[in-house]
Structures are given as structure tokens and as C-alpha cells.
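# Structural characterization, general
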Amino acid sequence: MNDILFNVGYGHFLVLAAVLFLIGVGGVMVRRNALIILMSVELMLNAANMTLITFARMWGDLSGHTFALIVIAVAAAEASVGLAIVVAVFRGRRNVDVDRLTTLRH
Amino acid sequence: MKFLVVIVTAMLSFGVAHSIAEAQPAKQPQATTRVETKISPHMDRVETPAGNKGMALLFWAFAAASVGGALFVVTRRNLIAAVMGMVGSFLGISAIYMMLYAHFLSVVQMLVYAGAIMVLFVFVVMILNRPEDEPVAPSRRIGAGIAGVAILYLVGRLVMMLMKVQPPNPAKAIAAPGLTPEGYDWGSVKAVGTDLFGQGLFPFEAISITLLVAVVGAIAIARPLHEDEPTPTEDERLGIDRTHRDSKP
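In this text the structure is predicted, and so the values were computed from the model without any measurement.

### Things to note about helix α3 (residues 53-75) of chain B
Compared with the 33 Å implied by 1.5 Å per residue over 23 residues, the 32 Å span of α3 of chain B between its first and last C-alpha is a close match. Where burial is concerned, most of α3 of chain B is hidden: 17 out of the 23 residues are buried.

Spelled out as C-alpha cells, the structure:
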């Protein structure tokens, strides 16, 4: 127990990333608001980034940092397009509840 | 929420004090060998995966901040509260990156996520300006319960598996990463940039095209469709169908 508490190793960072990822998965599965779902996806991308950086540090290889940077850029693109879709859907239907979005037209 | 903030702050202050106190004696023997070559400015920093108690406390504080913020996101009804939890989570994650010697990415995380993307989310929340009714649909409660059990099981298995992860070369992985082969400080802007514009050049160019397409697509989607189109009535907007009710005698 003392070892787990005070001897922080790579496993701790990986477990933290896994927990964040699973919270994101739970948010995507459970919540109905499209904005919260987008935020949960961002959370999952961050957890993946943390794993990349942990392994980069572990192997002493900087490629992990490069790839994490690229993931951040993709996340920014995803957020902008996703929010644009949310705004467009809201303009037509006045709500962003994914359970009530059943048709492609508005 | 306030309770969490107090706990995290106390852990932070205690952890900083502890790690400073533990870092002091470690500096002494380095003074003799420091003369020779170019030494990274981060050489005297406390190592992360080496069992330093102050560092462990800092890790737990930032882990609590990021996990607490993430839980805040998926449980709050108020969208602004969810976004603020997200900001706290991102700040914690950025501090964790700093512990992993990813200084540049830590700053990028703070600027891009906690700064830009979260501002975007706040903007959209303000545009929508609708309080959320019920976070979880009643019909989905059973599914959510099953999902919760499945997630807990997954967490258990993952923790058991990941805690056993061993670095390939423990001595090298525990020591502070010194300089890259090009002679730059590990994790610094120069080191990451050298890698990004070396072997990561093609992904970098692909990312620039992706961002361009995303910008054009976002503008195209969010633009009002047709100005001459009749605006939908309130019933249509809310998805209320009154035809069946009216046709009944």
C-alpha cells in the first residue's frame, strides 16, 4: 500500500490515463447533450495523449511528443467541426439532445 | 467542490515543500562534476518515477484535479459548470505532462485546450443558452447501470495490468532524460521541433491540410442555410407533432 502511494512509477500515469479515458467513455454513453458528448471525446483524446507521453518518457523517444502534438491539432479540428454541427442542429431544432435527433432533415 | 479544492491545495503546498526539502541534499554532490560538458538545466530537478514523497503527493493532487474535473464534466447538469470542470481537468493534465518532462506539450496543452478549445465551448454554450433538462434519460438508466458495472470491471482489470508495466531499461527510465542526440534538452521546444520537422514532417503537412478543411467545413456548416426559407414554428423546432391530437374527435 505504501509502495503504491509513495512510489509513483509509470504504472500510475498509465492508470490515470485509463481512468480518464473510461470517464470519457462513460460520458459518451450516458449523457444526452451533444456538447457534453463532445467534451467527453476531448477527455478521451487527452487520456490517449497522456499514454503517448508516458511511453515517450519511458522509452526515451521523442516521437511520442510529436504524435501527441498532432493529436492535439486533430482534436482542435474535431472540436471546431463538432461545435459547428451542434450550432447548425440547434438553429434548426432548438435542442441538441441526441436522443431526439432521429432524422437527417430539419 | 469547495472541499475538493481545499484538499488539492493542501496537498499541493505540502508536496511542493516536501519536494524542495528533498531536493536540497541531492544538489551537493553534483557541484564537483558540473564543470565538464554542457549540462541540461533540468538535471537538478527531482525525478518522477523514483519514489520521492513530495513528488508523489504532487502527482496525487494533480491526478485528483484531473479525475475530479472529468467526473464533474459527466455528472453536471449545468453546462458552464461542466466546462469549468473540464478546464480544471486540463490544468491537472498539463501539470502531469510537466512531471513526465514534456515541458513544451504541457504549455501547448494549457494554451490550446484550457485556453482556445474551452473558450470555443463556452461560446457555444452561451449561444445555445438552454438549461439541460435531465442528464440521463430514464429509459437509459438500466443501460447506464450495466455500463457502469462494465466500466468498473474494466478499470479493475486495467489497474491490475498497468501497475505491472515495467520500463525496458529501469536505470535509464528513472534517471532524468538528459539531452537528445542533437544536443537539445529533452522535451523542450527545440527537441520536439527537431523531431516534428524531421521524421514527423509528413504528418505535420497532413495536419495543416486537415485544419484548413476543418476551418472551411466549420464555416460552411454553421452558416445560416437560406435566408428566404420560412423560419420553423416553435412546434416544429421543439419537434412537437400535434396532428394526431387534433384529428381525434
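### Some remarks on unusual backbone geometry
All names here are of chain B. Positive phi, close to 65°, is recorded for Y101, a residue that is not glycine. You can see Y101 is positioned in the loop between α4 (79-99) and α5 (103-128). On the basis of relative accessible area, Y101 is assigned to the buried category, the value being 2%.

### Thoughts on the confidence of the model for chain A
Per-residue confidence for chain A averages 87 on the pLDDT scale, and 95% of its residues sit at or above 70. Helix α1 (residues 2-6) of chain A is the least confidently modelled element of chain A, averaging 73 in pLDDT, while helix α3 (residues 34-59) of chain A averages 92, the highest of any element.

### As for the interface of chain B and chain A
Often the size quoted for an interface is simply the accessible area lost on bringing the parts together. Every contact between the two is made by 95 residues of chain B and, on the other side, 75 residues of chain A. Overall, the association of chain B and chain A removes approximately 7,600 Å² of surface from exposure, summing both partners, and the carbon and sulfur fraction of that is 76%. Summed over the shared surface of chain B and chain A, the number is 0 salt bridges. Viewed at the interface, chain A and chain B are joined by 6 residue pairs in polar contact (both at pLDDT 80 or more). Only α3, α4, α5, α6 (141-162), α7 (170-174), α8 (189-196), α9 (201-222) and α10 (234-238) of chain B provide two or more residues apiece to the side of chain B that touches chain A.

### Thoughts on a nonpolar patch on the surface
Residues F197, L201 and F204 of chain B make up a contiguous nonpolar surface patch of roughly 260 Å² in combined accessible area. Inspection of the secondary structure assignment puts F204 of chain B in helix α9.

### Topic: the pattern of salt bridges
Pairs can form between side chains of opposite charge whenever their charged atoms are close. All names here are of chain A. Scanning the entire structure with this criterion turns up 1 salt bridge over all chains. Note that D97 is salt-bridged to R32, the shortest N-O span being 3.8 Å. With a gap of 65 residues between them, D97 in the segment after α4 (63-93) and R32 in the loop between α2 (10-30) and α3 connect regions that are remote in the sequence. Across this residue pair, the class does not change: D97 and R32 are buried.

### Describing the packing of α2 of chain A against α6 of chain B
It is at 10 Å that the axes of α2 of chain A and α6 of chain B come closest, and there the two elements cross at 165°. Taken together, the axis directions place α2 of chain A and α6 of chain B in an arrangement best described as roughly antiparallel. For the pair α2 of chain A and α6 of chain B, the crossing hand works out as right-handed. Within the contact between the two elements, α2 of chain A uses G11, L14, V15, A18, L22, G26, M29 and V30 of chain A and α6 of chain B uses A144, A147, I151, L154, V155, L158, V159 and L162 of chain B. In terms of residue class, the contact of α2 of chain A with α6 of chain B is made up of 14 nonpolar, 2 polar and no charged.

### Some thoughts on the nonpolar core
Core analysis: the largest hydrophobic core is formed by 66 residues, its most contacted members being L35 of chain A together with F121 of chain B. At the level of elements, α2, α3 and α4 of chain A together with α3, α4, α5 and α8 of chain B are the ones that each hand at least two residues to this core.

Conventions we followed
- Residues numbered from 1 in each chain as written.
- Chains lettered and ligands numbered in written order.
- Predicted model: local features only at pLDDT ≥ 70, side-chain atom pairs only at ≥ 80, totals over all residues.
- Heavy atoms only, no water.
- Helix = DSSP H or I, 4+ residues; strand = E, 2+ residues; numbered from the N terminus.
- Expected span 1.5 Å × (residues − 1).
- Buried < 20%, exposed > 50% of the residue type's maximum accessible area, 1.4 Å probe, protein only.
- pLDDT = per-residue confidence, 0-100.
- Contact = heavy atoms within 4.5 Å.
- Buried area = accessible area lost by both parts, 1.4 Å probe.
- Salt bridge = Lys/Arg side-chain N within 4 Å of Asp/Glu carboxyl O.
- Polar contact = N/O pair within 3.5 Å; in protein donor to acceptor, adjacent residues only side chain to side chain.
- Patch = residues over 30% accessible without salt bridge, like charges linked within 9 Å, V, L, I, M, F, W, Y side chains within 5 Å.
- Areas by Shrake-Rupley, 256 points an atom, 1.4 Å probe, with all protein chains shown as cover.
- Axes fitted to C-alpha atoms, helices over the stretch in contact; angles between N-to-C directions.
- Parallel < 35°, antiparallel > 145°, perpendicular 65-115°, else oblique.
- Left-handed = near helix turned anticlockwise from the far one by under 90°.
- Nonpolar A, V, L, I, M, F, W, Y, C, P; charged D, E, K, R; others polar.
- Core = buried A, V, L, I, M, F, W, Y, C linked by side-chain atoms within 4.5 Å.

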